[in-house]
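An overview of the molecular structure
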Amino acid sequence: MKMRKILCIVLALMMVLSLAACGSKDGDEGSGGEDDPGTNTPELPSETVTDDEGNEVGGYKIGFFYLPESDGLSAQFHRALDFCAQITNCEIEYYDMMTFSAEEVNTAVETLVSTGCDGIIMISGTAPSLYEYMNEQGVYYCGLTRSYTDEVAMVVDGSEYNCGFLDESSGNNYELGYMVAESIIKQGATKIAYMAAATGSEIADERVRGFEAAAADNGAEIVTSYRGSDYATGAADILSTRGTEIDGLVADATGDAVIAAINSAGLSDSILYGQVNAPSASDTSEYLDTGHLAATTGGNNTYVCQMFMQLFNAISGADRLFDTDPKLIPMIPSFVITNSQEWDDANTYVGGDVPGLIPEDILALNSWYTPDTTVEEKEELMTKYTTSEFWNLENIVPRVKEYLGEE
Amino acid sequence: MDTETVKKNANRTEEEIQEELIRRQKRKETITSILPVVGLVVLVVLFTVLTKGQFIGMDNLKLLVNQCFTMCVIVVGGAFLYSIGGLDMAIGAIMALSATVLTLAFNAGVPFVISFLIGVVVSVACMSVTAFIRNYLKVTPFIASLCMMNICQGLVLTAIASTGRIVFNYSQAAWVDDTVTKIITLVLLIFVGYVLFNYTSIGKSLKAIGGNATAARISGIKVEKMVFIAYAIVGITIAIGGLFTVVRSGVADNTLGTGLNLNVMTAIVLGGFPLTGGANAKFHAPLIGALTVTVLTNGLGLLGQANAMGYAIKGLLFIIVVASTYEKSKGKLIS
């Protein structure tokens, strides 16, 4: 009994101490990922920018919820947003998610609103009630079209707080699938199999169309396919039944389960493997070097900068881009990577401290910073960023190197 | 027992020893029932002070209602299940399945009430299967619930396979997500649950089964029937929780109900409800626990603390409370 009393008292003390230690939340926000050297702080604009009423533009709080920074893509998102925040004198409020369940998304958004965010980047969120809540609270939001259901449209269309939805079906997924498949075909694959999420998933269907088109255009044969969510099992099935027939495999997968399956089957020397989503932040370079991975994609973090600027424009009262319902915004795509050098370049000059776009690229989208261009010109500029002519490593790396002062 | 206690007891009468044992037991029960309430009050005061009153502002109180609603609804039914020591890992998956079926029906044009009742039937049926396995196949209910969890997850994945999710017709049922609707629903549920648990033979029988199933059987309680009733009650509350959750989230997908099992267990434990059930099971305990979990998450969020810290603190509290209150004399924690 004494022991239990002591434990109860310790419990109460721990609760009090742990909560009292919470205190100020300053200092940690926007500090970047674990591997962020933090050496490339962008220069703030030399002159203060003001709006028509003489108020200084900036100083807003933008909320962002995603996985913790231990996730590679999350760390890249953090760096990209920190960069945008620094050049616009804003602050990012981060909320770490453990899962992407609807309940947790709701809690994330509600918490960010409670902490005084002026706008929220909605990486996920299909609850109409959530958008109603943000409308009521006067919080701006920008999302992705995966969240733009018919029910959500009824709530957000016409709302002044709706800053638009990045159009994930604007062709990018088709191009990604096409480029990855084309890459392994050009490396010698003639009989390929593909794996993707279940039929009906918009992103997966587009990528599969890309796989099929690449095969048709480049004279390769699609031998078999798998549509489902269990890529490890799907890969094992394909490799055990048709592994000796195929010399190429493309997958709309995440992680390195398929690479592991190919290794287990002893077919890593005979099958060229392309995966749309990079297997992992730490091992992809090695996979590319050793040939376990023949093609993947990178540069899929910068689109959060577009979402940031849509919010920044709205909150600052600047001209809004793509402001006609449905507010669909072309999305900066990923690009194909076929070797470790390209992967390292992508990580450094697109996923690093500078998100592939330099300050003048980003600020050119805001009419307070660039009053001499029209809305249409700004929209053309943002659209230009999303084209493969602009958004490729050959163009991005020299520009970012020059900005960083590297040779 | 040490030498001093033995010597002390030797000079006392049996009645004195009995009285002291009863006093100790009452003190323990008092502490067990008061401590969670004190903890909750302390948390509320602490967060109110640290957030300069924002925590108890009207906006945040509405958020608290929204955030704790589903858990409170389910723990109302969970009290009946846990009073017989029925640890269940399928609650989240069954809620997902119930919500998915309900959504399919509603989207197909079935009237709202009928769609809801279909969801209830699905949920109660799933829980009944677990009860059947427990009663007649004599499988540990924890294991049976794990199997049911996998079955339900598989069914949900099959139902949403073509699109990855099913969008709920929110515009036709937006009133369900209203704060007033939720408060009324919760108050009614708590009232009905309280009466059933404390003033009917159902509650008393379930606590007796949780205390000692053999003794309960010998004393005339139809154990299997009562177990079915307990599972059916929690099935009903799961369906209600599923309805409100799918309306709030806007879609039925395989992430619905994620984390609910652990949150319900944490709520049960933090409220001082014994995991093995029995006579010490108090109806209000899981509700206090559910509020504590929600207050903790909400308060930490307002203070700008990482969500991960909330998980860590909840896990730590869970271990400490279980370790300090678990009745070791009963043997296994999971029956």
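Residues numbered from 1 in each chain as written. Chains lettered and ligands numbered in written order. Predicted model: local features only at pLDDT ≥ 70, side-chain atom pairs only at ≥ 80, totals over all residues.

A count of helical and extended segments in chain A gives 15 helices and twelve strands. Here chain A, with 407 residues, has 53% of them falling under the buried criterion. A separation threshold of at least 6 residues defines the contact pool for chain A, and within that pool the share at least 24 residues apart is 71%. (Helix = DSSP H or I, 4+ residues; strand = E, 2+ residues; numbered from the N terminus. Buried ≥ 20, exposed ≤ 12 C-beta atoms within 10 Å, placed from the backbone. Contact = placed C-beta atoms within 7 Å.)

Looking now at the overall build of chain B. Tallying secondary structure elements over chain B gives 13 helices and two strands in all. Against the compact-globule benchmark of 20 Å for 335 residues, chain B has a radius of gyration of 21 Å, which places it among compact chains. Seen through its principal axes, chain B has C-alpha atoms that stretch 75 × 55 × 30 Å. With 335 residues in all, chain B has 48% of them scored as buried. For chain B, the proportion of contacts with a sequence separation of at least 24, taken over those separated by at least 6, is 78%. (Rg over C-alpha atoms; globule rule 2.2 N^0.38 Å.)

We now examine the packing of helix α4 (residues 91-107) of chain B against helix α6 (residues 141-159) of chain B. Residues and elements named next belong to chain B. Closest axis-to-axis distance for the α4/α6 pair is 8 Å, and the angle between their directions is 30°. Classified by the angle their axes make, α4 and α6 are roughly parallel. As for the relative orientation of α4 and α6, their crossing is left-handed in sense. Note on element contacts: α6 touches α4 through M149, C152, Q153, L155, V156 and A159, opposite A93, I94, A96, L97, T100 and L104. Residue composition of the contact of α4 with α6, grouped by class: ten nonpolar, two polar and no charged. (Axes fitted to C-alpha atoms, helices over the stretch in contact; angles between N-to-C directions. Parallel < 35°, antiparallel > 145°, perpendicular 65-115°, else oblique. Left-handed = near helix turned anticlockwise from the far one by under 90°. Nonpolar A, V, L, I, M, F, W, Y, C, P; charged D, E, K, R; others polar.)

This next bit is on the sheet that holds strand β9 (residues 272-275) of chain A. All names here are of chain A. Overall, parallel pairing links the four strands, which are arranged β7-β6-β8-β9 in an open sheet. The open sheet has two edge strands, β7 (221-227) and β9, and neither has a second partner. Direction aside, the axes of adjacent strands within the sheet are offset by 15° on average. The pairing of strand β6 (residues 191-196) with strand β8 (residues 248-251) spans four bridges and is classified as parallel. Note that in β8 the partner of A193 across the bridge is L249. (Pairing = 2+ DSSP bridges.)

Here we take up unusual backbone geometry. Here the bond from D325 of chain A into P326 of chain A is cis, since omega is -15°, no more than 30 degrees from zero. Position of P326 of chain A among the secondary structure elements: in the loop between α11 (303-316) and β11 (328-330). Despite not being glycine, F322 of chain A has its phi angle at roughly 50°, a positive value. When you line up the elements, F322 of chain A lands in the loop between α11 and β11. The backbone of K138 of chain B sits at a positive phi, close to 55°, despite the residue not being glycine. For K138 of chain B, the position within the fold is in the loop between α5 (112-136) and α6.

Time to look at the nonpolar core. Counting 212 residues, the largest nonpolar core has I121, F308 and L311 of chain A together with V75 of chain B as its most contacted members. No other element matches helix α3 (residues 58-82) of chain B, which puts 14 residues into this core. Structurally, this core is a two-domain feature, drawing no fewer than three residues from each of domain 1 (56-170 + 300-404) and domain 2 (188-294) of chain A. Look past the residues within four positions of V75 of chain B in its chain and what remains in contact with it is V264, A267, I268, P286, L287 and A290 of chain B. (Core = buried A, V, L, I, M, F, W, Y, C linked by C-beta atoms within 7 Å. Domains from an automatic or database assignment.)

Backbone-to-backbone hydrogen bonds pair the strands of a sheet. The strands run either parallel or antiparallel. Residue and element names in this part refer to chain A. If you trace the six strands from one edge of the open sheet to the other, you get β2-β1-β3-β4-β5-β11, paired in parallel fashion. If you trace the sheet from one side to the other, it starts and ends with β2 (91-96) and β11, each paired once. Each neighbouring strand pair of the sheet contributes to a mean axis angle of 25°, computed without reference to strand direction. Examined bridge by bridge, strand β1 (residues 61-66) and strand β3 (residues 119-122) share three bridges and lie parallel to one another.

Take the pairing of strand β5 (residues 162-167) of chain A next. Residue and element names in this part refer to chain A. Burial of β5 is extensive: five of the six residues sit out of reach of the surface. As paired elements, strand β4 (residues 140-144) and β5 share three bridges and run parallel to each other. Residue G143 lies in a different strand from β5, and its bridge partner there is F165. Note that the unit made of β4, helix α5 (residues 150-156) and β5 has a crossover that is right-handed. Relative to β11, β5 is paired through three bridges, and the arrangement is parallel. In the strand pairing of β11, L166 is matched with I329. (Right-handed = clockwise from strand over helix to strand, strands pointing away.)

Below, the discussion takes up helix α2 (residues 14-50) of chain B. With 37 residues, α2 of chain B should cover 54 Å at 1.5 Å per step; its first-to-last C-alpha distance of 52 Å lies within 8% of that length. The first or second residue beyond α2 of chain B is K52 of chain B, which carries a positive phi of 55°. (Expected span 1.5 Å × (residues − 1).)

All names here are of chain A. With domains assigned, chain A is organised as domain 1 (56-170 + 300-404) and domain 2 (188-294). One C-alpha centre belongs to domain 1, the other to domain 2, and the line joining them spans 30 Å. Domain 1 puts eight residues into the contact, and the matching count from domain 2 is ten residues. In terms of residue count, helix α12 (residues 340-349) provides more of the side of domain 1 that touches domain 2 than any other element does, three residues in total. Its residues placed into classes, the side of domain 1 that touches domain 2 shows one nonpolar, five polar and two charged.

Counting through the fold element by element, G315 of chain B comes out in helix α13 (residues 307-325). Distance from G315 of chain B to T266 of chain B, taken between C-alpha atoms, is 8.0 Å for residues 49 residues apart in sequence.

Residues and elements named next belong to chain A. When pLDDT is averaged along chain A, the result is 86; 87% of the residues meet or exceed 70. Across chain A, the secondary-structure element scoring lowest on mean pLDDT is helix α1 (residues 2-20), at 55, and the one scoring highest is β3, at 97. Every residue in residues 19-39 is under pLDDT 50, and counting partners more than four places away or in other chains gives 28 contacts. (pLDDT = per-residue confidence, 0-100.)

All names here are of chain A. Taking 1.5 Å per residue, 13 residues should reach 18 Å; helix α3 (residues 102-114) reaches 18 Å between its end C-alpha atoms and fits that length. Taken across its 13 residues, α3 has twelve buried, putting it largely inside the fold. All buried positions along α3 are accounted for by A102, E103, E104, V105, N106, T107, A108, V109, E110, T111, L112 and V113. Of the residues flanking the end of α3, it is G116, one or two places downstream, whose phi is positive at about 90°.

With that settled, the discussion passes to the confidence of the model for chain B. Low pLDDT marks stretches whose predicted atomic positions should not be read closely. Counting all residues, the mean pLDDT for chain B is 86, and 90% of those residues have values of 70 or more. Here the prediction assigns the complex a pTM of 0.82, and the interface score ipTM is 0.81.

This paragraph deals with the environment of G203 of chain B. All names here are of chain B. Within the fold, G203 resides in helix α8 (residues 201-211). Residue class for G203 comes out buried when judged on the 22 C-beta atoms lying within 10 Å of it. Measuring from C-alpha to C-alpha, the distance between G203 and A281 comes to 9.8 Å, with 78 residues separating the pair along the chain. Setting aside residues up to four positions removed in sequence, G203 forms contacts with L196, F197 and N198.

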